[in-house]
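Secondary and tertiary structure notes
One letter stands for each residue in the lines below.
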2 protein chains.
Amino acid sequence: MKILLTGLILIVGTFATAQDVLPSWNNGKNRTNVIEYVEVVTNKKSGDFIPKKDRIAVFDNDGTLWSEQPIYFQLFFAMDRVKALAPKHPEWKTIEPFKSVLSNDMKSLIKSGKKGLLTLLMATHAGMSDEEFDAVVVEWIKTAKHPTKKVHYSKLVFQPMLELLEYLRSNGFKTFIVSGGGIDFMRPWASEVYGIPSNQIIGSQIEVKYEDKKIVRVPKIKFIDDNEGKPVGIHYHIGKRPVAAFGNSDGDFDMMLYTEANKKYKTLELYVHHTDGKREWAYDRKSHIGKLDKGLNYAEEHNWSVIDMKKDWKVIYPL
Amino acid sequence: MKILLTGLILIVGTFATAQDVLPSWNNGKNRTNVIEYVEVVTNKKSGDFIPKKDRIAVFDNDGTLWSEQPIYFQLFFAMDRVKALAPKHPEWKTIEPFKSVLSNDMKSLIKSGKKGLLTLLMATHAGMSDEEFDAVVVEWIKTAKHPTKKVHYSKLVFQPMLELLEYLRSNGFKTFIVSGGGIDFMRPWASEVYGIPSNQIIGSQIEVKYEDKKIVRVPKIKFIDDNEGKPVGIHYHIGKRPVAAFGNSDGDFDMMLYTEANKKYKTLELYVHHTDGKREWAYDRKSHIGKLDKGLNYAEEHNWSVIDMKKDWKVIYPL
């Protein structure tokens with residue numbers, strides 16, 4: 001009787017869990033795939049069991065955990081910084097790319113290309129200590145609003161992904177961000193918003209130097225954590241191959257292939273496909289931001305999970 | 001009565017804890033300093049309370065968590081690798097620094113200087129995938145023995161420091177290694193020996209590249225995590241200033257100054273001073289390995305804890 005009762009409780013327990021987890025995800029193949037993966041790799045009796053220390057899950061940020069349209073939010077931050085710093089730089093009125101930013105001329109800004117964007121980033125992200133930069137980012141994330149959604153940027157995170165992060169952590173996974181965005185731009189707010197400690201946030205880096213007991217930011221790119229940079233960033237920061245990878249663009253493809261090639265453990269790869277032009281944005285193969293093309297082909301051919309935001313998610317943003 | 005009883009329990013509780021923790025440390029100023037620090041910064045009612053997310057403790061490895069004499073153990077690893085690989089490299093018999101290694105001529109090896117040591121490291125630490133290198137390190141740490149102590153290197157960790165790591169973690173601290181040693185040399189064994197996950201182990205790096213779904217090790221130094229490199233490594237990997245720092249040499253001095261300069265929280269700095277020529281080794285101001293000179297002056301002037309290994313520690317190594 002005791003055994004029977006324990007059995008019943010276990011069954012009820014599992015059933016209740018499967019019902020309760022990922023509440024913002026519609027039932028369907030993708031939600032089931034995720035839950036079945038987590039259940040099998042955390043089950044000690046299963047041949048696919050993964051010990052806790054190796055339950056490493058990596059998440060891209062832009063387009064995977066929060067929106068990234070019409071441009072990466074870090075670029076809005078850089079533009080807002082240019083406007084805030086402009087009184088101290090009268091010369092910016094006449095030189096690009098600052099001129100375009102100050103006159104809200106997005107087309108010319110985009111025309112300034114990679115070199116223009118880099119100039120913008122260096123002028124706004126360097127020349128101060130890390131702690132000063134932290135404070136600037138914190139103030140911006142608290143006050144700035146998205147130009148069309150008219151809400152704070154931190155409200156544009158994906159509720160279903162917040163639930164996924166929490167679900168994985170409650171099953172012993174360690175969650176990491178592995179983003180092409182700036183590591184020091186994310187850390188001041190992403191810890192709180194995603195529940196991920198700063199040392200588990202990996203991203204692109206500018207040079208820093210140690211000077212006068214402080215870390216000082218130097219206007220020079222040190223590391224781009226995108227494409228083949230993502231497995232490299234994972235190597236330096238995590239030191240082991242992940243078992244689960246979540247992305248939304250071709251920039252995440254190498255990280256996901258690197259994860260899939262884990263010879264030791266069963267893995268999970270999932271793409272967030274932006275299909276909801278009404279609630280969010282719809283874009284993929286031809287987008288300048290978050291292009292998803294070769295990754296989408298591979299995912300379809302290899303049975304990776306591809307979230308259809310419109311069909312799979314009950315809500316996009318937290319209420 | 002209820003209040004009185006609660007008070008009694010609290011007093012008894014604290015008393016029991018203070019007796020039980022750090023059992024291999026002799027009672028005295030240094031043990032008391034550590035315990036008083038931990039108790040005050042974890043007490044919510046104290047003005048020095050530190051929230052869990054900011055309880056970051058950083059530890060040097062060589063000479064702080066394990067021995068480092070007569071040379072850094074990673075150099076013994078490199079020498080053992082040269083001997084193992086020698087049959088495939090007949091030319092090594094005649095060229096330095098390999099010749100010295102193969103003939104056990106330590107004096108000539110040391111004479112080959114930085115360039116020689118670098119050549120040795122590159123020849124033995126690169127040219128394979130990270131997972132292949134892991135396996136080589138794991139095999140070495142399981143089998144190789146220290147030339148004079150005649151035990152496995154992993155037995156030459158300091159028992160009192162293992163207790164300190166565990167004590168800090170049980171009080172909500174996150175413990176990190178920040179070592180001048182190679183990050184990929186430490187990770188395969190240090191997680192298990194110190195209870196520190198691989199993503200909390202920071203060290204010097206060689207270049208890697210992503211190729212054919214693997215991380216391949218390239219014979220080129222990328223980052224030296226020593227002296228002013230330690231705060232830089234902390235910045236990239238942890239993203240916040242520590243509150244507690246533990247070292248044994250001038251190479252740790254910048255990391256400890258950086259920690260002490262934390263404006264937000266009360267901090268703890270502790271040097272392990274190698275004073276026990278009988279049970280371990282005795283060296284400081286004039287040593288080629290683990291030189292402790294300017295750091296020792298500063299520590300004495302600024303009331304940092306300086307462990308006298310001979311007096312403060314009941315045992316050095318685990319039994």
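Starting afresh in each chain, residues are numbered from 1 along the sequence in its written order. Think of it this way: whatever chain is written first is A, whatever ligand is written first is 1, and the rest follow in order. Restriction of local features to residues with pLDDT of at least 70 applies here, the model being predicted, together with a cutoff of 80 or more for giving and counting side-chain atom pairs; totals for whole chains, interfaces and linings are based on all residues. Water and hydrogen atoms play no part in the side-chain values, which are based on all heavy atoms of the structure.

Further remarks concern the sheet that holds strand S6 (residues 268–273) of chain A. Note: two strands are recorded as paired if DSSP finds a minimum of 2 bridges between them. The helix and strand labels rest on DSSP assignments: H or I over at least four residues marks a helix, E over at least two residues marks a strand, and numbering proceeds from the N terminus. With respect to topology, seven strands assemble into an open sheet ordered S4-S3-S2-S1-S5-S6-S7 (chain A), the strand pairing being mixed. Across the chains shown, the open sheet's two edge strands, defined by having one partner strand only, are strand S4 (214–223) and strand S7 (305–308) of chain A. Neighbouring strand axes in the sheet, compared pairwise and without regard to direction, differ in orientation by 30° on average. With four bridges connecting them, strand S5 (residues 244–247) of chain A and S6 of chain A associate as parallel partners. Bridged to Ala245 of chain A within S6 of chain A is Glu269 of chain A. Residue contacts follow a heavy-atom distance rule, with two residues in contact if any of their heavy atoms lie within 4.5 Å. An axis is simply a line fitted to the C-alpha atoms; with a helix, the fit covers only the stretch in contact. Between two such axes, the angle follows the N-to-C directions and lies from 0 to 180 degrees. Against the sheet, helix H10 (residues 229–237) of chain B engages strand S3 (201–211) and S4 of chain A, with an angle of about 155° to S3 of chain A.

Right, let's talk about the packing of aromatic side chains for a bit. For Phe, Tyr and Trp, where Trp contributes only its six-membered ring, two rings pair if their centres lie within 6.5 Å, and the inter-plane angle classes them as stacked under 30 degrees, edge-to-face over 60, or tilted in between. Counted by the stated rule, this structure contains 44 aromatic pairs over all chains. Taking 4.7 Å as the distance between ring centres and 20° as the angle between the ring planes, the aromatic pair formed by Trp140 of chain A and Tyr153 of chain A counts as stacked. Of this pair, Trp140 of chain A sits in helix H7 (residues 130–143) while Tyr153 of chain A is found in the loop between H7 and helix H8 (159–170), placing the two residues 13 residues apart along the sequence. For the pair shown, Trp140 of chain A and Tyr153 of chain A are each scored as buried. An aromatic cluster of at least three residues, connected via ring pairs, comprises Trp66, Phe73, Phe76, Phe77, Phe133, Trp140, Tyr153, Phe185, Trp189 and Tyr194 of chain A. Ring-over charges, as used throughout, are those where CZ of Arg or NZ of Lys falls within 6 Å of the ring centre and within 35 degrees of the ring normal. Above the ring of Trp281 of chain B, the side-chain terminus of Lys149 of chain B is found at 4.9 Å from the ring centroid. Sitting over the face of the ring of Phe133 of chain B, Arg217 of chain B holds its NZ or CZ atom 4.0 Å from the ring centroid. The classification of residues rests on relative accessible area computed with a 1.4 Å probe and restricted to protein chains. Under 20% of the type maximum is buried, over 50% is exposed, and intermediate values are partly exposed.

Glancing now at helix H9 (residues 183–194) of chain B. Residues and elements named next belong to chain B. Taking 1.5 Å of rise per residue, the twelve residues of H9 would be expected to cover 16 Å, yet its terminal C-alpha atoms sit only 14 Å apart, more than 12% below that figure. Those residues of H9 not exposed but buried are Ile183, Asp184, Phe185, Met186, Arg187, Trp189, Ala190 and Tyr194. A positive backbone phi angle near 70° is found at Gly195, which sits one or two residues after H9. Helix span, expected: 1.5 Å multiplied by one less than the number of residues in the helix.

Time to look at the relation of the copies chain A and chain B. A least-squares fit on C-alpha atoms brings the copies together, and the residues used are those whose pLDDT is at least 70 in both copies. Placing chain A over chain B gives an RMSD of 0.0 Å and needs a rotation angle of 180°, together with 0.0 Å of translation along the axis. This pairing of chains is accounted for by a two-fold axis. Ranked by how close their C-alpha atoms come to the rotation axis, the residues of chain A are headed by His237 of chain A, at 3.2 Å. When you check the interface residues of chain A against chain B, 100% turn up at the interface there too, and the contact is symmetric in its surfaces.

Turning next to unusual backbone geometry. Here the amide bond leading from Gln69 of chain B into Pro70 of chain B is cis, since omega sits at 0°, within 30 degrees of zero. Summarising the element assignment, Pro70 of chain B is placed in the loop between strand S1 (56–59) and helix H3 (73–85). Cis peptide bonds are those with omega within 30 degrees of zero, and the linkage from Glu96 of chain B to Pro97 of chain B qualifies with 0°. Residue position: Pro97 of chain B is located in the loop between H3 and helix H4 (98–102). The phi torsion at Asp212 of chain A lies on the positive side, around 55°, for a residue other than glycine. Positionally, Asp212 of chain A belongs in the loop between S3 and S4. Asp212 of chain A sits in the exposed class, given a relative accessible area of 66%.

The next point concerns the interface of chain A and chain B. Between chain A and chain B, the contact holds 36 residues from the first and 36 residues from the second. Throughout, the accessible surface (probe 1.4 Å) given up by two parts as they are put together, summed over both, is called the buried area. Both sides of the chain A and chain B interface together cover about 3,100 Å² of buried area, and 50% of this is carbon and sulfur. For the chain A face of the interface with chain B, the top three residues by lost area are Tyr210, His235 and Tyr236 of chain A, together amounting to 25%. A pair is scored as a salt bridge if a Lys or Arg side-chain nitrogen falls within 4 Å of a carboxyl oxygen belonging to Asp or Glu. Between chain A and chain B we count two salt bridges in total. Note that Glu131 of chain A is salt-bridged to Arg241 of chain B, the shortest N-O span being 3.0 Å. If you list the elements that add at least two residues to the side of chain A that touches chain B, you get H7, strand S2 (174–182), helix H9 (183–194), S3, S4, helix H10 (229–237) and helix H11 (253–260) of chain A. Sorting elements by how many residues they give to the side of chain A that touches chain B places S3 of chain A first, with six residues.

So, about the confidence of the model for chain A. Every residue is assigned a pLDDT by the predictor, reflecting its confidence on a scale from 0 to 100. Looking at chain A, pLDDT values average 93 and 94% of them are 70 or higher. Counting contacts from residues 1–13 of chain A, a segment whose pLDDT is below 50, to residues more than four positions away or on other chains yields zero contacts.

This part is about the pairing of S2 of chain A. The side chains of a regular strand alternate, first on one face of the sheet and then on the other. Residues and elements named next belong to chain A. Most of S2 is tucked away, with seven of its nine residues classed as buried. Sheet analysis places S2 next to S3, joined by three bridges and oriented parallel. Within S3, the position partnered with Gly182 by the bridge is Ser204.

With that settled, the discussion passes to the packing of H10 of chain B against helix H11 (residues 253–260) of chain B. Helix-helix packing is described using two parameters, namely the angle between the two axes and the distance between the axes. All names here are of chain B. Two elements in contact, H10 and H11, have axes separated by 7 Å at closest approach and are oriented at 55°. Comparing the axis directions of H10 and H11 gives the class oblique. Residues Lys230, Pro231 and Ile234 of H10 form the contact with H11, whose participating residues are Asp254, Met255 and Tyr258. Three classes are used: nonpolar for Ala, Val, Leu, Ile, Met, Phe, Trp, Tyr, Cys and Pro, charged for Asp, Glu, Lys and Arg, and polar for all others, with Gly counted as polar. For the contact of H10 with H11, the per-class residue count stands at four nonpolar, no polar and two charged. Here the angle decides the label: under 35 degrees means roughly parallel, over 145 means roughly antiparallel, 65 to 115 means roughly perpendicular, and every other value means oblique.

With that settled, the discussion passes to a nonpolar patch on the surface. Taken together, Leu118, Ile221 and Ile224 of chain A make up a surface patch of nonpolar side chains, about 240 Å² in accessible area. You can see Ile224 of chain A is positioned in the loop between S4 and H10. Each patch is built from residues lacking any salt bridge and having more than 30% relative accessible area; the joining distance is 9 Å for like charges and 5 Å for nonpolar side chains (Val, Leu, Ile, Met, Phe, Trp, Tyr). Accessibility throughout is a Shrake-Rupley quantity obtained with a 1.4 Å probe, and a residue counts as covered only by protein chains that appear here.

Residues and elements named next belong to chain B. The seven strands are arranged S4-S3-S2-S1-S5-S6-S7 in an open sheet whose pairing can be described as mixed. With partners counted over all chains shown, the strands left at the sheet margins are strand S4 (214–223) and strand S7 (305–308), one partner each. Mean inter-strand twist for the sheet, computed between neighbouring axes without regard to direction, equals 30°. Sitting on the sheet, H10 touches S1, strand S2 (174–182), strand S3 (201–211) and S4, and the angle it makes with S2 is about 130°. Its contacts with the sheet place helix H12 (residues 294–301) against strand S6 (268–273) and S7, and it is angled at close to 130° to S6.

This part covers the pattern of salt bridges. Where charged atoms from two side chains of opposite charge approach closely, those side chains can pair. Evaluated as defined, the whole model comprises 20 salt bridges over all chains. Across the pair Asp54 of chain B and Lys53 of chain B runs a salt bridge, and its minimum N-O distance is 3.1 Å. What makes Asp54 of chain B buried here is its relative accessible area of 7%. Its relative accessible area of 57% is what places Lys53 of chain B among the exposed residues. With a shortest N-O distance of 3.0 Å, Asp60 of chain B and Lys230 of chain B are connected by a salt bridge. Of this pair, Asp60 of chain B sits in the loop between S1 and H3 while Lys230 of chain B sits in helix H10, and the two are 170 residues apart along the sequence. Each of the two residues, Asp60 of chain B as well as Lys230 of chain B, counts as buried. Shared partners join several salt bridges into a network, and the residues in it are Lys53, Asp54 and Lys240 of chain A.

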